[in-house]
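In case you want the letters, here they are:
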Amino acid sequence: MMIKVSLLVTTYNVKDDLAVTLAGIEKQDYGSIEVVIVDGGSGDGTLDVIREFAGRHPDRRDVPDDPSITVKWISEPDRGLYDAMNKAWAMCTGDIVAVCNDRLCTTDAVTKLVRAIEQGGEKCIGAHADLVYVEGERVVRTWHMGEGRIRDGWMPGHPTLFLKREIYERYGSYDISYRCAADYEFMVRFLKDENNRLAYVPEVLIAMYYGGTSNAGLRNYLVSFKEGYQALKKNGVRHPLWITVKRTIRVLRQF
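Engineer: Please explain the overall build of the protein chain as it appears in this structure.
Structural biologist: The helix and strand inventory of the protein chain stands at eight helices and nine strands. Here the protein chain has a C-alpha radius of gyration of 17 Å; the compact-globule value for 255 residues is 18 Å, and the two agree. Its C-alpha atoms give the protein chain principal-axis dimensions of about 50 × 40 × 30 Å. For the protein chain, buried positions account for 51% of its 255 residues. Taking as baseline every contact in the protein chain between residues at least 6 positions apart, the subset at least 24 positions apart corresponds to 76%. Accessible area for the protein chain stands at about 12100 Å²; split by element, carbon and sulfur atoms hold 51% of it. Side-chain charges of the protein chain comprise 34 positive and 35 negative groups, with the mean position of each set lying 8 Å from the other.

What follows is the structure, given as structure tokens:
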């Protein structure tokens, strides 16, 4: 039986971007996708987009070999992005889990990331890829993630990260006390152990909507810098300030 992939989608008053995200999911050639949407109580038409999407993909879990997309969704107030991501994680049932709030650039993006995990060996806990930041159709920045180690200032692009379910079960979910860097802190938790390996697909598979939590202006970036340092220190990684500086330099070199 094909490995089930859960794509976690979090929304709040983003009907246009959400429509693009869901259209990209529908075009995937992978045959077992569960879409879990957690909305924060939108009032701009986002719920209409969700209802229409869910209506096109009725629950067919009673047909085990049916390749259709299945959809779960809720809409209720939350405590921000990372709280919504935790809710989505709690609802999902996939063997591989990914947060999907952006645009899948190719019809085989999910297939390639799942295949990379399958071929990655016993220490492989997930996979990641390159990404671009976009405003509409304009590419603002291309990020070639490459491979590396947390202690060298490297990190994978969270929007491209596909992880085995067991990683969430073993290391926990997102710490909502972080305003901008809960995704980084989450990755530090399991990547500080260099026995945990990520497979890398050196292709642009994800287009991230520019203006995300950690890159929406200088103020947020400074908060992200501080929280990145705190994440490393909290997890017992040596030389957290130097690593944070190196990570910043890596980011700036992408422009």
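Engineer: Looking at this structure, I do not really get unusual backbone geometry. What am I missing?
Structural biologist: Peptide bonds are trans in most cases, and residues, glycine excluded, mostly fall at negative phi. The phi angle at Asn 13 is positive, at roughly 55°, despite the residue not being glycine. For His 239, which is not glycine, the phi dihedral falls at a positive 60°. Within the fold, His 239 resides in the loop between helix H7 (218-234) and helix H8 (240-252). Taking relative accessible area as the criterion, His 239 reaches 51% and is therefore assigned exposed.

Engineer: I keep staring at the packing of aromatic side chains and nothing clicks. Help me out?
Structural biologist: The description of an aromatic ring pair rests on the distance of the ring centres and on the angle between the ring planes. Per the stated rule, a full pass over the model turns up eight aromatic pairs. Summarising the aromatic geometry, the rings of Trp 89 and Tyr 168 are spaced 4.8 Å apart at their centres and angled 20° between planes, so their arrangement reads as stacked. Remark: Tyr 168 occurs in helix H5 (residues 165-171) and Trp 89 occurs in helix H3 (residues 81-91); sequence separation between them is 79 residues. A single burial state applies to Trp 89 and to Tyr 168, both of which are buried. Residues Tyr 133 and Trp 143 carry aromatic rings whose centres are separated by 6.0 Å and whose planes lie at 25° to one another, so their mutual orientation is stacked. Within this pair, whereas Tyr 133 is found in strand S6 (residues 124-135), its partner Trp 143 is found in strand S7 (residues 138-143), the two being separated by ten residues in sequence. Overall, Tyr 133 belongs to the buried group, its relative accessible area being 6%. Grouped by ring-pair contacts, the aromatic residues Tyr 82, Trp 89, Tyr 168, Tyr 171, Tyr 174, Phe 186 and Phe 190 constitute a single cluster.

Engineer: What is the right way to look at the nonpolar core in this model?
Structural biologist: Core analysis: the largest hydrophobic core is formed by 75 residues, its most contacted members being Ile 25, Val 35, Phe 162, Leu 163, Tyr 184 and Phe 190. Sorting elements by how many residues they give to this core places helix H6 (residues 182-191) first, with seven residues. Excluding residues that lie within four positions of it along the chain, Tyr 184 makes contacts with Ile 150, Met 155, Gly 228, Ala 231, Leu 232, Ile 243 and Arg 247.

Engineer: Would you take a moment to explain the pattern of salt bridges for this structure?
Structural biologist: Pairing of side chains with opposite charge becomes possible as their charged atoms draw close. Taken as a whole and assessed by the stated rule, the structure comprises 16 salt bridges. Across the pair Glu 203 and Lys 112 runs a salt bridge, and its minimum N-O distance is 2.7 Å. Placement of the pair is Glu 203 in strand S9 (residues 197-209) and Lys 112 in helix H4 (residues 109-118), with a sequence separation of 91 residues. Glu 203 gets classed as partly exposed once you look at its relative accessible area, which sits at 32%.

Engineer: Is there a simple way to explain the packing of helix H1 (residues 15-26) against helix H2 (residues 46-56) in this structure?
Structural biologist: Angle between the axes and distance between the axes: these two values describe a pair of packed helices. At a minimum axis distance of 9 Å, the contact between H1 and H2 shows a crossing angle of 15°. Classified by the interaxial angle, the pair formed by H1 and H2 is roughly parallel. Two packed elements cross with a definite hand, and for H1 against H2 that hand is right-handed. Judged by residue contacts, Lys 15, Leu 18, Ala 19, Leu 22 and Glu 26 of H1 engage Thr 46, Val 49, Ile 50, Phe 53 and Arg 56 from H2. Grouping the amino acids of the contact of H1 with H2 by side-chain chemistry returns six nonpolar, one polar and three charged.

Engineer: I would appreciate a short explanation of H1 in the present structure.
Structural biologist: It helps to recall that an α-helix has 3.6 residues per turn; residues three or four apart then point in one direction. The terminal C-alpha atoms of H1, which comprises twelve residues, lie 16 Å apart, in line with the 16 Å expected from a rise of 1.5 Å per residue. Along H1, the residues that are buried comprise Leu 18, Thr 21, Leu 22, Gly 24 and Ile 25. Within H1, the buried residues cover an arc of 155° as seen down the axis, which keeps them to one side. Elements that come into contact with the buried residues of H1 comprise strand S1 (5-11), strand S2 (33-39), H2, strand S5 (103-104) and S9.

Engineer: Any chance you could explain the side chain of Asp 130 here in plain terms?
Structural biologist: Here Asp 130 shows up in strand S6. Within the local environment of Asp 130, its side chain forms a polar contact with the side chain of His 144, the two groups lying 3.3 Å apart. A distance of 2.9 Å separates a polar side-chain atom of Asp 130 from the backbone nitrogen of Met 145. Residues within four places of Asp 130 in sequence aside, it is in contact with Trp 143, His 144, Met 145, Gly 146, Thr 160, Tyr 200, Val 201, Pro 202, Glu 203, Val 204, Leu 205 and Ile 206.

Reading the values: rules and limits
Residues numbered from 1 in each chain as written. Predicted model: local features only at pLDDT ≥ 70, side-chain atom pairs only at ≥ 80, totals over all residues. Heavy atoms only, no water. Helix = DSSP H or I, 4+ residues; strand = E, 2+ residues; numbered from the N terminus. Rg over C-alpha atoms; globule rule 2.2 N^0.38 Å. Buried < 20%, exposed > 50% of the residue type's maximum accessible area, 1.4 Å probe, protein only. Contact = heavy atoms within 4.5 Å. Areas by Shrake-Rupley, 256 points an atom, 1.4 Å probe, with all protein chains shown as cover. Lys, Arg positive; Asp, Glu negative; His and termini not counted. Charge placed at Lys NZ, Arg CZ, Asp CG, Glu CD. Phe/Tyr/Trp six-rings, centres within 6.5 Å; stacked < 30°, edge-to-face > 60°. Core = buried A, V, L, I, M, F, W, Y, C linked by side-chain atoms within 4.5 Å. Salt bridge = Lys/Arg side-chain N within 4 Å of Asp/Glu carboxyl O. Axes fitted to C-alpha atoms, helices over the stretch in contact; angles between N-to-C directions. Parallel < 35°, antiparallel > 145°, perpendicular 65-115°, else oblique. Left-handed = near helix turned anticlockwise from the far one by under 90°. Nonpolar A, V, L, I, M, F, W, Y, C, P; charged D, E, K, R; others polar. Expected span 1.5 Å × (residues − 1). Arc of directions from axis to C-beta. Polar contact = N/O pair within 3.5 Å; in protein donor to acceptor, adjacent residues only side chain to side chain.

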